[in-house]
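Commentary on secondary and tertiary structure
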Amino acid sequence: MDFFEEMEARIPHGKTRTRFAPSPTGYMHVGNLRTALYTWLIARRDHGTFILRIEDTDQGRLVEGAVDVIYNTMTECKLDHDEGPDVGGPVGPYVQSERKGLFGKYAKLLVEKGGAYYCFCQKEDAEEDSSDENPKAIKKHFCACRDMSAAEAQAKIDAGLPYVIRQRIPQEGTTTFHDASFGDITVENKELEDQVLLKSDGLPTYNFANVVDDHLMGITHVVRGSEYLSSAPKYNLLYHSFGWEVPTYVHCSPVMRDAQHKMSKRHGDPSYEDLIHEGYLTEAVLNYVALLGWSPRGELAEQEFFTLSELAEAFDIAGISKSPAVFDIEKLRWMNSEYMKKLSPDAFFEKAEPWLKKAISNPAIDLKAVAALVQSRCEILSDLPERVDFLDQLPEYDPELYVHKKSKTTIENSLETLQSVLPVLESLENWTNESLYETLVALAAEKGVKNSIILWPIRVAVSGKASTPGGATELCAILGKEESIRRIKAGIELLQK
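Within each chain, residue numbers correspond to sequence positions counted from 1 in written order. For a predicted model such as this one, the threshold for reporting local features is a pLDDT of at least 70, and the threshold for listing and counting side-chain atom pairs is 80 or more; totals across whole chains, interfaces and linings nevertheless cover every residue. Heavy atoms from the whole structure form the basis of all side-chain values; hydrogens and water molecules are not counted.

The next subject is the overall build of the protein chain. For the protein chain, the helix and strand inventory stands at 19 helices and 13 strands. Expected size for 497 residues packed as a compact globule is a radius of gyration near 23 Å; at 32 Å, the protein chain overshoots this value by more than 25%. Seen along its three principal axes, the alpha-carbon backbone of the protein chain occupies a region of about 105 × 50 × 45 Å. Working definition: with a 1.4 Å probe on protein chains only, accessible area under 20% of the residue-type maximum means buried, over 50% means exposed, and in between means partly exposed. Taking all 497 residues of the protein chain together, 50% fall into the buried category. Note on contacts: a residue pair qualifies if any of its non-hydrogen atoms lie within 4.5 Å across the two residues. For the protein chain, the proportion of contacts with a sequence separation of at least 24, taken over those separated by at least 6, is 75%. As presented, the protein chain carries roughly 24,200 Å² of accessible surface, and 49% of it is formed by carbon and sulfur atoms. All tallies of charge rest on Lys and Arg as positive and Asp and Glu as negative; His and the ends of each chain are not included. Just so you know, the charge point we use is NZ for Lys, CZ for Arg, CG for Asp and CD for Glu. For the protein chain, the distance from the average position of its 55 positive side-chain charges to the average position of its 77 negative side-chain charges is 2 Å. Per the convention used, a helix needs a DSSP run of H or I reaching at least four residues, while a strand needs a run of E reaching at least two, with both numbered from the N terminus. Computation of the radius of gyration draws on C-alpha atoms, with the globule rule given as 2.2 Å multiplied by the number of residues to the power 0.38. Methods summary: accessible areas were calculated by the Shrake-Rupley approach with a probe of 1.4 Å, and residue burial reflects only the protein chains presented.

We now examine the sheet that holds strand β6 (residues 164-167). With respect to topology, 3 strands assemble into an open sheet ordered β3-β6-β9, the strand pairing being antiparallel. Every interior strand has two partners, whereas the edge strands, β3 (116-119) and β9 (196-198), have only one. Taking the axes of each pair of neighbouring strands and ignoring which way they run, one obtains an average angle of 40° across the sheet. Bridge analysis of β3 against β6 gives 4 bridges, and the strand direction is antiparallel. Across the sheet, A116 pairs through a bridge with Q167, a residue of β6. Orientation is described by lines fitted to C-alpha atoms, with helices fitted over the stretch in contact, and by angles between N-to-C directions that extend from 0 to 180 degrees. In the packing of helix α4 (residues 100-112) onto the sheet, the strands contacted are β3, β6 and β9, and the crossing angle to β3 comes to about 110°. A pair of strands is treated as paired once DSSP finds two or more bridges between them.

All right, on to the pairing of strand β7 (residues 174-179) then. With burial as the criterion, only one face of β7 is covered, namely that bearing T175, F177 and D179; the residues T174, T176 and H178 on the opposite face remain uncovered. One ladder, built from 6 bridges, connects β7 with strand β8 (residues 183-188); its direction is antiparallel. What sits directly across from F177, in β8, is I185. With antiparallel pairing between neighbouring strands as the criterion, β7 and β8 make up a hairpin whose turn holds 3 residues.

Moving on, we get to the environment of K368. Within the secondary structure, K368 is located in helix α13 (residues 367-374). For K368, a relative accessible area of 48% gives the class partly exposed. Here the alpha-carbon distance between K368 and K406, two residues 38 residues apart in the chain, equals 32 Å. Apart from residues no more than four positions distant in its own chain, K368 is found in contact with D346 and F349.

Moving on to the pattern of salt bridges. What makes a salt bridge here is a side-chain nitrogen of Lys or Arg within 4 Å of a carboxyl oxygen of Asp or Glu, nothing more. If you walk through the whole model with that rule in mind, you get 23 salt bridges. Between R257 and D269 there is a salt bridge, with the nearest N and O atoms lying 3.0 Å from each other. In this pair, R257 sits in the loop between β12 (255-256) and α8 (272-277) while D269 sits in the loop between β12 and α8, placing the two residues 12 residues apart along the sequence. In the salt-bridge network here, residues are joined through shared partners; they are R19, R53, E55, R99, D213 and D214.

Moving on, we come to the packing of aromatic side chains. Within 6.5 Å between ring centres, the rings of Phe, Tyr and Trp (the latter by its six-membered ring) count as paired, and their orientation is classed by plane angle as stacked under 30 degrees, edge-to-face over 60, tilted in between. Evaluated as defined, the whole model comprises 20 aromatic pairs. Between Y106 and F242, the ring centres sit 6.1 Å apart and the planes meet at 70°, which makes this aromatic pair edge-to-face. Highlighted residues: Y106 in helix α4 and F242 in helix α7 (residues 232-242), separated in sequence by 136 residues. Comparing Y106 with F242 shows no difference in burial state: the two are buried. With centroids separated by 5.6 Å and ring planes inclined at 80°, the aromatic side chains of Y288 and F327 adopt a geometry described as edge-to-face.

A separate point is the nonpolar core. By size, the foremost hydrophobic cluster in this structure holds 101 residues, and its most contacted members are L33, Y38, L79, F327, V370, I458 and I488. Ranked by residue count, the leading element in this core is helix α2 (residues 30-45), at 9 residues. The contact partners of I488, leaving out residues within four places of it in the chain, are L418, L422, L425, I458, A461 and V462. The set of buried Ala, Val, Leu, Ile, Met, Phe, Trp, Tyr and Cys residues whose side-chain atoms join them within 4.5 Å is what this entry labels a nonpolar core.

Cis peptide bonds are those with omega within 30 degrees of zero, and the linkage from G92 to P93 qualifies with 0°. By secondary structure assignment, the location of P93 is in the loop between α3 (66-76) and α4. Phi at H47 is positive, roughly 55°, even though this residue is not glycine. Mapping H47 onto the fold places it in the loop between α2 and β2 (49-52). Its relative accessible area of 68% is what places H47 among the exposed residues. At K78, a position not held by glycine, the phi torsion is positive, near 60°.

In a disulfide, the sulfur atoms of two cysteines are covalently bonded to one another. The rule for a disulfide is simple: a pair of cysteine sulfur atoms within 2.5 Å. Per the counting criterion, the structure on display carries 0 disulfides. The closest cysteine sulfur to the non-disulfide-bonded C121 is located on C143, 3.5 Å from its own sulfur. With a relative accessible area of 24%, C121 lands in the partly exposed category.

Right, let's talk about the packing of helix α9 (residues 282-290) against helix α11 (residues 329-342) for a bit. Closest axis-to-axis distance for the α9/α11 pair is 9 Å, and the angle between their directions is 135°. As the angle between them shows, α9 and α11 are arranged oblique. Crossing angle aside, the handedness with which α9 passes α11 is right-handed. Residues E283, A284, V285, N287 and Y288 of α9 form the contact with α11, whose participating residues are K331, L332, M335, N336 and Y339. The residue makeup of the contact of α9 with α11, split by class, is 6 nonpolar, 2 polar and 2 charged. In what follows, roughly perpendicular refers to angles from 65 to 115 degrees, roughly parallel to angles under 35, roughly antiparallel to angles over 145, and oblique to any angle outside these ranges. Left-handed describes a crossing whose near helix is turned anticlockwise from the far helix by less than a right angle; the clockwise case is right-handed. Residues were grouped as follows: Ala, Val, Leu, Ile, Met, Phe, Trp, Tyr, Cys and Pro as nonpolar; Asp, Glu, Lys and Arg as charged; and all remaining residues, including Gly, as polar.

Right, let's talk about the packing of helix α17 (residues 451-463) against helix α18 (residues 472-479) for a bit. Direction vectors running N to C along α17 and α18 enclose 35°, while the axes themselves pass 8 Å from each other. Seen from above, α17 lies across α18 with left-handed handedness. Side by side, α17 and α18 meet where L455, I458, R459, V462 and S463 of the first sit next to A472, T473, L475, C476 and L479 of the second.

Turning to the environment of S231, a few remarks are in order. Of note, S231 is situated in the loop between β10 (221-225) and α7. For S231, a relative accessible area of 15% gives the class buried. In sequence terms S231 and G114 are 117 residues apart; their C-alpha atoms lie 20 Å from each other.

Dropping the structure here:
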C-alpha cells in the first residue's frame, strides 16, 4: 500500500462529518460563531461527527492566545467536538501546520494527474491579462510554464530554480458548482485564474489546504461565508482532478451591521467575547446567532426561543437564507432580557453578583435582595452597576425630580408628604416591603390622595433618581430603616431650601 492508498484507507465513511476550521488570528466574531454553530448543528442533527481543525498556516497573522479563545468559546457555547487537536481522532493531526508535509505530496500528485503544473515565473515575470475596457475584469496568469513538458520542469527543479504549483484551469467551457443555499452556480472557465496551490516555501495556500484536508478527513458538509462563493468552482475542479467526491457546500450570507456594511471589529462591532463581557448570556447569544440567516420551518416557523438541543432537532439547511442578516443589538438585548427572567433566582444571582459588587460596597445591603429586585428589569448584566449604585450612596440630585405630572406631585406637596410620613416610618417596627406598602397606602387613604402622591416623593428621596429598578417600599426595605429615614430627612432639607 503506497502513501496515498494509506491516507485514503484512513478516511471514515458512512455518516455525516462536519468541521469548524478557524484561523487563530484573534477574537471569535459573530460570523465565526454562526459558522461553528451551524456546522455543529448539522452534525448533531444527523447524529454525525463534528471536528475542530485549527488552520494556522498563515503564520504572519497568528495571534498569541487566539487558540485558547477558540477552545474557550467552544466550551462556553457547549459546541463539543468529537475529533480535534485536544481529543485526537482517526484522521489527525488536526492542526494544519502539523500536516504541511502532506500538501506538497498532493500538489505533485495533482501535477501528475494533469490538474496542476509547476510555475517558475517570478512575480515580475508573470503576465497579468486584463482588458483596458474593463479594468475590473479578473486578472489571469499566463506563462509558458503551463505547457512545459514534465522533463523540462524536472530539469528546472533539479537545477534548484524556485517554483510554485498552480492549478490548471480549463481555458474553455464552463464549470458548475452546486451550493445548498444558492443552488447551481455556473462560471466561464476563462474567468478563473490558475491559482497558486503550493507556494515557493512549500506551504499550501488556504484554498488548496482546505480541499485536501476536507477530503482526507471525510468531510461531508462544508459551511462557510458567501464571500467564498467566487472560489467555489475552483474547488469543484480540484475535486474532479483528484477524482474525489465533492462535499455538500453551504454558503451563508454575511452578517451585516446595517444594510450597507458588514460587521467589523475595526468599526466597533462586538465579538462573542465582547458580548459576554458586556453581560449577555451565552445561551441568548447562541439563540440569536442561530436566527441570523436561518429560520425554522413548519410548525416551528413562529418560534423564537430555542435551547441548543432544540436547535439540533429543528435545524434544516433549507432554512438558511440567501439574504444578508442584519445584526440588531436591540433585538439581542430583548432576547437576553427574556433569558434573564427565566433563570432561577439563585442562577441569576450567581451571574449578577460580580456586577452588583462593582456598584455596592456597603455590607449592610443584601445583594440577593437587590438581585431579586432587578432580575425582571434587567436586559444585560453590565447595566446593573449604573442602575443600583444609588443603593450604596445617595447621589446628589435636582429637587425638580420631585415634580411628576403623572403622579401629580410638586415641590410643595412632596415636602408636605415627606414631613408627614417621617414620624409614621420612624414608629414602624416591622420594616418589610409588605408592611411599608400597607402603611403608606393607608396613609394615602387617610389623606384622601392617590398612592403616588405619597410613594413618588419617597422613591425620589431614597434613590435620588427618576428611574429605579423598584418602587419606594421595595427600595426602603433593601436600604433598611436607619438609612431610609436618613435619606428622607435629607430630602426634606433639600426641598426646604
